[in-house]
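These are the residues of each chain, in order.
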Amino acid sequence: MRLEDVTVVFTDPSFFSNVEKVTALKDVSLHVGRGDKVGVIGANGAGKSTLVRVMAGVLKPNAGTVDGEGMSCSLLSLNAGFDGELSGRRNVVMHGMLMGLTRREAASRIDAVTEMSGLGDAMKRRVSTYSTGMRARLCFSTAINLEPDILLVDEAIVVGDREFREKSERIMRERFTEDRAIVMVSHSLANVEHLCERAIWLDQGEIRAQGDTKSVVHAYRNANHS
């Protein structure tokens, strides 16, 4: 996947003026190849979650291009675009079809998602009736079992109770050993250093540095302790 000069601007109505514009990403260019493990770091509000949403196709940039090169993406985030009026089962199928699977191929993943999530009969209910923990279980299990070429992970997700959290952490560690591209948004520099070969440092919507993980994390630490 290749991004070239991607810019995202949000408009926010203000009490004191008609419209306030917020630039979430500005002229961002990067490339993610098959099997790459990339960590995205930066302060809150740096544009990290916006970046992975653009890569997933959830957000359209105001400028620049996103070329997926035929690679399927799945976004692991509580804001991954589940339709609250659809059941868990139908959301799995919808996400699979958005990734390019046929309806039958997407439906064939329902049993695996149900088993991993532990949601049982709740999979037949509307997602709007789910608790935050249940929604997180559905999101995680769907993203993992659709087996995308690129798995986009937003660390902001809270994955259920302790038992399921430990299970999801084990599964994620396994995914990092596979020949699958992963882009992970994380505030844990230790996790990025341990799991990722490359890193991208976002600062106020712009890339301050990108390259090998050790160098980028070192630059980020120095900037935040200066």
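Up top you'll find the structure we're talking about.
Residues numbered from 1 in each chain as written. Predicted model: local features only at pLDDT ≥ 70, side-chain atom pairs only at ≥ 80, totals over all residues. Heavy atoms only, no water.

Chemist: Just to check I follow, could you spell out the sheet that holds strand S4 (residues 63-67) for this structure?
Modeler: Two pairing modes exist for strands in a sheet, parallel and antiparallel, and in both the strands are linked by backbone hydrogen bonds. Pairing is antiparallel in the open sheet, where three strands are placed in the order S2-S1-S4. Of all the strands in the sheet, just strand S2 (20-31) and S4 have a single pairing partner and so form its edges. Recorded for the sheet is a direction-independent mean angle of 30° between the axes of neighbouring strands. (Pairing = 2+ DSSP bridges. Helix = DSSP H or I, 4+ residues; strand = E, 2+ residues; numbered from the N terminus. Axes fitted to C-alpha atoms, helices over the stretch in contact; angles between N-to-C directions.)

Chemist: When you look at the packing of aromatic side chains in this model, what are you seeing that I'm missing?
Modeler: For any pair of aromatic rings, the description rests on two quantities: the centre-to-centre distance and the angle between the ring planes. Following the criterion strictly, the structure yields two aromatic pairs and no others. Centroid distance Trp201 to Tyr220: 5.4 Å. Interplanar angle 80°. Geometry classified as edge-to-face. With Trp201 in strand S8 (residues 198-203) and Tyr220 in helix H8 (residues 213-224), this pair connects stretches of sequence that are 19 residues apart. Just as Trp201 is buried, Tyr220 falls in that class too. (Phe/Tyr/Trp six-rings, centres within 6.5 Å; stacked < 30°, edge-to-face > 60°. Buried < 20%, exposed > 50% of the residue type's maximum accessible area, 1.4 Å probe, protein only.)

Chemist: Looking at this structure, how should I read the packing of helix H4 (residues 110-117) against helix H5 (residues 132-145)?
Modeler: The contact between H4 and H5 brings their axes to 9 Å, and the two run at 135°. By the angle between their directions, the pair H4 and H5 is classed as oblique. The handedness of the crossing between H4 and H5 is right-handed. For the pair H4 and H5, contact is made by Ala112, Val113, Met116 and Ser117 and by Arg137, Leu138, Phe140, Ser141, Thr142, Ile144 and Asn145, respectively. Split by residue class, the contact of H4 with H5 holds six nonpolar, four polar and one charged. (Parallel < 35°, antiparallel > 145°, perpendicular 65-115°, else oblique. Left-handed = near helix turned anticlockwise from the far one by under 90°. Contact = heavy atoms within 4.5 Å. Nonpolar A, V, L, I, M, F, W, Y, C, P; charged D, E, K, R; others polar.)

Chemist: For this particular structure, what's the right way to read the nonpolar core?
Modeler: Soluble, globular proteins show a tendency: their nonpolar side chains are buried together. Ile41, Leu138, Phe140 and Met172 are the most contacted members of the largest nonpolar core, which totals 39 residues. Discounting chain neighbours no more than four positions away, the residues touching Ile41 are Lys48, Ser186, Leu189, Val192, Ile200, Trp201, Leu202, Val216, Val217 and Tyr220. Counting 27 residues, the second largest nonpolar core, distinct from the first, contains Val28, Met71, Val183 and Ile200. (Core = buried A, V, L, I, M, F, W, Y, C linked by side-chain atoms within 4.5 Å.)

Chemist: Sorry if this is basic, but what is going on with the pairing of strand S7 (residues 181-185) here?
Modeler: In regular strands, side chains alternate between the two faces of the sheet. Of all the five residues making up S7, five are buried; the element is thus mostly covered by neighbouring parts of the structure. Neither face of S7 is exposed, since Ala181, Val183 and Val185 on one face and Ile182 and Met184 on the opposite face are all buried. Sheet topology places strand S3 (residues 37-41) next to S7; four bridges connect them, and they run parallel. Its bridge partner lying in S7, Gly39 is registered against Met184. As judged from the five bridges shared by strand S6 (residues 150-154) and S7, these two strands associate in the parallel manner. If you follow Leu152 over to S7, its bridge partner there is Val183.

Chemist: I'm lost on the sheet that holds S7 in this one. Help?
Modeler: Spatially, six strands are ordered S5-S6-S7-S3-S8-S9 in an open sheet, and the strand pairing comes out mixed. Where the open sheet ends on each side, the last strands, each with one partner, are strand S5 (73-76) and strand S9 (206-212). Sheet twist, expressed as the mean angle between neighbouring strand axes with direction ignored, is 15°. Inspection of the sheet shows S8 paired to S9 by six bridges, in the antiparallel sense. If you follow Ala199 over to S9, its bridge partner there is Gly211.

Keep in mind these numbers describe shape, not what the thing actually does.
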